[in-house]
Amino acid sequence: MSNLYTIQKRFNTVQSYANHEELLIHILQVYLDAFPIKDAYLLRYSPIGFVAEGLSEQA
């Protein structure tokens, strides 16, 4: 588990990403490294088409 300084230092690199997708992946990776959990999901749900899509991390 990371301490607050380590987490802040990793978030200081967010300006180095070229696009929004890379930035979201980096933020998710920092979160999962700081707070290791089983079965983490990041989902987006559309009530119009009843479609869900996302990422999952299973330990």
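In the block above lies the structure referred to throughout.
Fair warning: this is a prediction, and the values are worked out from it, not measured in the lab.

What counts and what doesn't
Residues numbered from 1 in each chain as written. Predicted model: local features only at pLDDT ≥ 70, side-chain atom pairs only at ≥ 80, totals over all residues. Heavy atoms only, no water. Helix = DSSP H or I, 4+ residues; strand = E, 2+ residues; numbered from the N terminus. Areas by Shrake-Rupley, 256 points an atom, 1.4 Å probe, with all protein chains shown as cover. Axes fitted to C-alpha atoms, helices over the stretch in contact; angles between N-to-C directions. Parallel < 35°, antiparallel > 145°, perpendicular 65-115°, else oblique. Contact = heavy atoms within 4.5 Å. Nonpolar A, V, L, I, M, F, W, Y, C, P; charged D, E, K, R; others polar. Patch = residues over 30% accessible without salt bridge, like charges linked within 9 Å, V, L, I, M, F, W, Y side chains within 5 Å. Salt bridge = Lys/Arg side-chain N within 4 Å of Asp/Glu carboxyl O. Expected span 1.5 Å × (residues − 1). Buried < 20%, exposed > 50% of the residue type's maximum accessible area, 1.4 Å probe, protein only. Polar contact = N/O pair within 3.5 Å; in protein donor to acceptor, adjacent residues only side chain to side chain.

Asker: When you look at the overall build of the protein chain in this model, what are you seeing that I'm missing?
Answerer: When you go through the protein chain residue by residue, the secondary structure sums to two helices and two strands. Along the protein chain, from the amino end to the carboxyl end, the secondary structure elements read α-α-β-β. If you sum the accessible surface of the protein chain, you get close to 5,100 Å²; carbon and sulfur atoms cover 59% of it.

Asker: Would you explain the packing of helix α1 (residues 4-11) against helix α2 (residues 20-34) in this entry?
Answerer: Between two packed helices, both the angle of their axes relative to each other and the distance between the axes serve to describe the pair. Relative to each other, α1 and α2 sit at 170°, their axes nearing to 10 Å. Considering the angle they form, α1 stands roughly antiparallel to α2. Contact with α1, carried on its side by Ile7, Arg10 and Phe11, involves His26, Ile27, Gln29, Val30, Asp33 and Ala34 of α2 and no other residues of that element. By residue class, the composition of the contact of α1 with α2 is five nonpolar, two polar and two charged.

Asker: What's the story with a nonpolar patch on the surface in this structure? I'm lost.
Answerer: On the surface, Tyr31, Phe35 and Ile37 cluster together into a nonpolar patch covering about 290 Å² of accessible area. Along the chain, the position of phenylalanine 35 falls in the loop between α2 and β1 (40-46).

Asker: Could you clarify how one ought to interpret α2 in this entry?
Answerer: The α-helix winds at 3.6 residues per turn, so residues separated by three or four positions along the chain end up facing the same way. Over its 15 residues, α2 runs 21 Å from end to end, which matches the ideal 21 Å to within 8%, given 1.5 Å per residue. Those residues of α2 lying buried are His26, Val30, Leu32 and Ala34. Residue asparagine 19 occupies the N-cap position of α2, its side-chain oxygen lying 3.3 Å from the main-chain nitrogen of glutamate 21.

Asker: So what exactly am I meant to see when it comes to the pattern of salt bridges here?
Answerer: Side-chain pairs of opposite charge can arise whenever the charged atoms involved come near each other. Scanning all chains against the criterion turns up one salt bridge. With a closest N to O distance of 2.5 Å, glutamate 53 and arginine 44 form a salt bridge. The class for glutamate 53 is partly exposed, based on a relative accessible area of 43%.

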